[in-house]
Structures are given as C-alpha cells and as structure tokens.
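# A structural walkthrough
This is what each chain is made of:
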Amino acid sequence: MFDIARIRADFPILNIQQNGRPLIYLDNAATMQMPVPVQERILSHYQTENANVHRGVHTLSQASTAHMEKARHTVAQFIHADDDEIIFTSGTTDSLNQLSRMLESRVRPGQQILVSAMEHHSNLIPWQEMSRRVGAKLRIIPLDSRGDLDRDALRQLLRDSTTLVSVAWVSNVLGTVNPIREIAALAHDAGALLVVDAAQGMKLGPTDAVSLDCDFMAFSGHKLGALTGIGVLYGKKDILDMMSLVCFGGGMVGNVSYLSSTWGAVPQRFEAGTPNYVGAISLGAAIAYLSSLGIPEIARQERQLTELLQQELLSVPEVEILGSPQHRSGAVSFWVHGVHPFDLGVMLDALGIAVRTGHMCAQPLVEQYGVSSVVRISPAFYNTQEEIKACIAALKRVIPMLKG
Ligand code: PLP
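Note that the structure is a prediction, hence the values are computed from the model and not measured.

Definitions and cut-offs
Residues numbered from 1 in each chain as written. Predicted model: local features only at pLDDT ≥ 70, side-chain atom pairs only at ≥ 80, totals over all residues. Heavy atoms only, no water. Helix = DSSP H or I, 4+ residues; strand = E, 2+ residues; numbered from the N terminus. Rg over C-alpha atoms; globule rule 2.2 N^0.38 Å. Buried < 20%, exposed > 50% of the residue type's maximum accessible area, 1.4 Å probe, protein only. Contact = heavy atoms within 4.5 Å. Areas by Shrake-Rupley, 256 points an atom, 1.4 Å probe, with all protein chains shown as cover. Lys, Arg positive; Asp, Glu negative; His and termini not counted. Charge placed at Lys NZ, Arg CZ, Asp CG, Glu CD. Core = buried A, V, L, I, M, F, W, Y, C linked by side-chain atoms within 4.5 Å. Pairing = 2+ DSSP bridges. Axes fitted to C-alpha atoms, helices over the stretch in contact; angles between N-to-C directions. Patch = residues over 30% accessible without salt bridge, like charges linked within 9 Å, V, L, I, M, F, W, Y side chains within 5 Å. Salt bridge = Lys/Arg side-chain N within 4 Å of Asp/Glu carboxyl O. Phe/Tyr/Trp six-rings, centres within 6.5 Å; stacked < 30°, edge-to-face > 60°.

## Points about the overall build of the protein
The helix and strand tally for the protein stands at 14 helices and 17 strands. Scaling as 2.2 N^0.38, a compact globule of 404 residues should have a C-alpha radius of gyration of about 22 Å, and the protein matches this with 22 Å. Oriented by its inertia axes, the alpha-carbon framework of the protein measures out at about 70 × 55 × 35 Å. When each of the 404 residues of the protein is scored for burial, the buried share is 55%. Sequence-distant contacts in the protein: of pairs separated by 6 or more residues, those separated by 24 or more amount to 71%. Element-wise, carbon and sulfur atoms account for 52% of the exposed surface of the protein, whose accessible area totals about 16,700 Å². Taken together, the 33 basic and 39 acidic charged side chains of the protein have centroids lying 2 Å from each other.

Printed below as a string of structure tokens:
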C-alpha cells in the first residue's frame, strides 16, 4: 500500500506556503523534488567521505571512488545493465550531445537519421547538427492524430538506408509512452541503432535497458530526485568499445606521452576530468529511495494521477488538450482559446500552484498543434488526487477572469 502521507514527509518542500497558499507542485516533468534521504546522503558525503576520486592513494580518495562506483552499480542494476555500460554525464542533454559526437564517424553522407516529431530539443538539435556536419539526412517520424508515433510511417522511412533512430520513451509534452521494444525491433531489422531519450521514462518501470533492447539510453538524475548536473548515458558494451572519444583529459587515459596517448577502459575513457562524483552518489541514493517505494507502485500512482488529471481537464470546456495517446504518463499539456498560457501560469502561481508554460523545449511539436505555447501539468507519485482537483478548480476560477 502506497502510504502517501509518509512519503510526503520525505519531501518537506511540499509543505511550504507559496504566495500565501499551500504549495501544489505540479511541475515534476521539469524536475522532481529531492527526498530527505538523498539530501542526507549528500550531507554525509561532505561531512565524512569527500575527496576527489580515482587519483588518490589516500584512504579518503579511495573511499570516495568506491562510493561513486557503488552508485554506478546501483544505476546499472536499476536498468539491468553492466557497470561498464554506465557513463556518467551531466544530464540527458549532455548524454545525447556526447553520443552524437561519439557516433559521428560511423555515419556516412546520405544515410538517414530518424527522430520523432515529439522530441525535446535535446534529442533533436544534436542530430540536426551531426547530420549537417556529416551530410546525413535527418528525417522526422510523424505522429498520428492521437499523438502516438506513426509506426507505419516509421516502417516506410526505415526502407531507406538508416543508421540511427532516436526517440523519447515518454514525450515531455504529450505524455505519450512510446512502445520502445517494438521500435527497437523495427530499427534493428533495418540495421539501425536505437537511442532512447529516457528523461521522462525512468519511473515507468520496469526500466530494463536490456529487455527494451535499446542500444543507448540517456537520462537525468534531477528528474529522479538526485542532484542537477548528473546524468547517464547507457550504451551496449560491444558498441561502446568501438566508439570514438570526444572529450580528453585527466582520468580517461592509459599512457600519455608528449605526442600521443592511449586510453583507459570503458566507461572511464568516456569520463574525462573530475566526474560529478557527488552527483553520482546522489543518483545512487535517489534510485535506492525510489526502489524502496517500489517502481511499479510509483508508475501506477503516476499513471492514475495523470488519468485523473486528463479526466478533470476534459470537464473544463475551454481547455484544448494536446493529443490523446493510447498510453499517457506524467504530463498533460493544453491551451485555452483567447488566453495566453503565460497568464494562466501566473494566475495559478498566485494561488500556490506551480505548473509550466511555454513550448516545453519542443517547439516544432507544439507548433504542429497550431499554438506557440501551452500549459503543462505534470504530477509525480507524491502528489495527491486532492491537489489535482484543487488545480482544476483553480483553473475553472481563473479562466473566466482572463477571458474577461
Ligand atoms: N528529453 C526530455 C524528454 C526531457 O523532458 C528533458 C527535460 O525536460 C530533456 C530531454 C533534457 O533533460 P536535461 O535538461 O536534464 O538535460
């Protein structure tokens, strides 16, 4: 049984007042709040075990290194991968940017790279740039009228020489949950690699990179209750072994002379410089925390809250919801005729309700719906049904005021 009161006690920020009202935090797709056990883990690291990793013979440095490597193991277990398939980065954006550089030498001029029409800019622009550098063709997999990936169109596109397909697991705008296993099978049948932007997918459960059969997966710690500035790039070991290096410096080398160098083992050879080891340790703690609650329970809770949110929004006649995907999780975006989303966001904020407005870093997608910006409400497992209902009641109150 999901004891919501006990869980909320782990997130003191949920009890603050905002603009004189109890905070209702519904911007979880942007960042998840950090639970106390993760905060305590960071504090205890700095109070008892902090030293730079890898380079010290002294006990503290070795302990710090061991804690970071333990965190790598926790991440690996979480996605059912091996430790040496986990590269620490600064976040999803960094993972995808690095990956696009790492893969560049494998892509031939004229080959296709496919991304979907629902991608976050972080999973679009790195591929635009790489295609431009290499002379590859970037093609967009369209969505159907519901906001689901058009699988027939994907099959069609895959008939042309495709080297890579990169798609979000969950859309940060529509909440669409993509069928990754099926997409992986289609991509692999066509001889293409599959990259998954899992920034919004990690609490869906089971988060199993191996059975999803993606070749690469990128995600951010801060969307799981860890620090900002830590993220993960998962890659299948045999592919990582062959990948180009894109960042050079300390910690990633075998032997260095003035004129040439050799490289260390995977994954360290992809982690030049002092890694964000405190971030990594916080991510290990965040995953341990989420696992202690149960990922399937978290996923169920977030799905139910999203369903309730969608139903409640449908009861507001002025609201136009973006998409009606078959599986939706974590986020619903909408707009209201004659009202600027920014004004709605400001009015809700005045009532203590935090939602996001804008194009959600998915400008081409939002524009496909004929608008330039939207309001996004994104619940997390620690939100309550009462909070969702209070948000919709507030929306019903402010819309007539804004419509004048
Ligand atoms: N991809 C998706 C689907 C996202 O929702 C986000 C962040 O909102 C990102 C990528 C980028 O994540 P970050 O800003 O943590 O690098």
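## Digging into the nonpolar core
Core analysis: the largest hydrophobic core is formed by 81 residues, its most contacted members being Val165, Trp169, Leu194, Met217 and Phe381. The greatest single-element share of this core, amounting to ten residues, is contributed by helix α10 (residues 277–293). Setting aside chain neighbours within four positions, we find Met217 in contact with Trp169, Val196, Ala198, Met202, Ala209, Leu212, Val232, Leu233 and Tyr234.

## Some words on the sheet that holds strand β17 (residues 374–377)
A sheet is described by the order of its strands in space; here four strands give the open sequence β13-β14-β17-β16, paired in antiparallel fashion. Pairing within the sheet leaves two strands with one partner each, and these edge strands are β13 (319–321) and β16 (356–358). For this sheet the average axis-to-axis angle between neighbouring strands, irrespective of direction, equals 35°. Where strand β14 (residues 332–336) meets β17, three bridges bridge the pair, whose relative direction is antiparallel. Residue pairing for β17: Phe334 is matched across the bridge by Val375.

## Here we look at the environment of Val177
Secondary-structure assignment places Val177 in the loop between β7 (162–168) and α7 (180–189). Its relative accessible area of 18% is what places Val177 among the buried residues. Spatially, the C-alpha atom of Val177 lies 9.1 Å from that of Leu204, the residues being 27 residues apart in sequence. Here Val177 is in contact with Trp169, Val170, Leu204, His327, Arg328 and Ser329, once residues within four sequence places are set aside.

## Here's the deal with the sheet that holds strand β5 (residues 112–116)
Strand pairing within a sheet occurs via backbone hydrogen bonds; the two strands may be parallel or antiparallel. Reading across from one edge, β4-β10-β9-β8-β7-β5-β6 is the order of the seven strands in this open sheet, with mixed pairing throughout. Of all the strands in the sheet, the pair left with one neighbour each is β4 (86–89) and β6 (137–141). On average, each strand axis in the sheet is inclined to that of its neighbour by 20°, with strand direction left out of account. Summarising the sheet, β5 and β6 pair through five bridges and their orientation is parallel. Each residue of the ladder has a partner; that of Val115, found in β6, is Ile140. Along the sheet, helix α3 (residues 59–78) makes contact with β4, β9 (216–220) and β10 (231–235), crossing β4 at roughly 115°.

## A closer look at a nonpolar patch on the surface
The grouping of Phe248, Val253, Val256 and Trp263 at the surface amounts to a nonpolar patch, some 370 Å² of accessible area in total. Looking at the element boundaries, Phe248 is found in the loop between α9 (237–240) and β11 (253–256).

## As for the packing of aromatic side chains
Tallied over the entire structure, the rule returns six aromatic pairs. Seen from their ring centres, Phe2 and Phe381 are 6.3 Å apart, and the 80° between their planes marks the pair as edge-to-face. In this pair, Phe2 sits in the segment before α1 (4–9) while Phe381 sits in the loop between β17 and α14 (385–403), placing the two residues 379 residues apart along the sequence. Note on Phe381: relative accessible area 0%, which makes it buried. On the numbers, 6.1 Å between centres and 70° between planes, the contact of Phe11 with Phe381 is edge-to-face. Residue Phe11 is located in the loop between α1 and β1 (17–18), and its partner Phe381 is located in the loop between β17 and α14; the two are separated by 370 residues in the primary sequence. Taken together through their ring pairs, the aromatic side chains of Phe2, Phe11, Tyr289, Phe381 and Tyr382 make up a single cluster.

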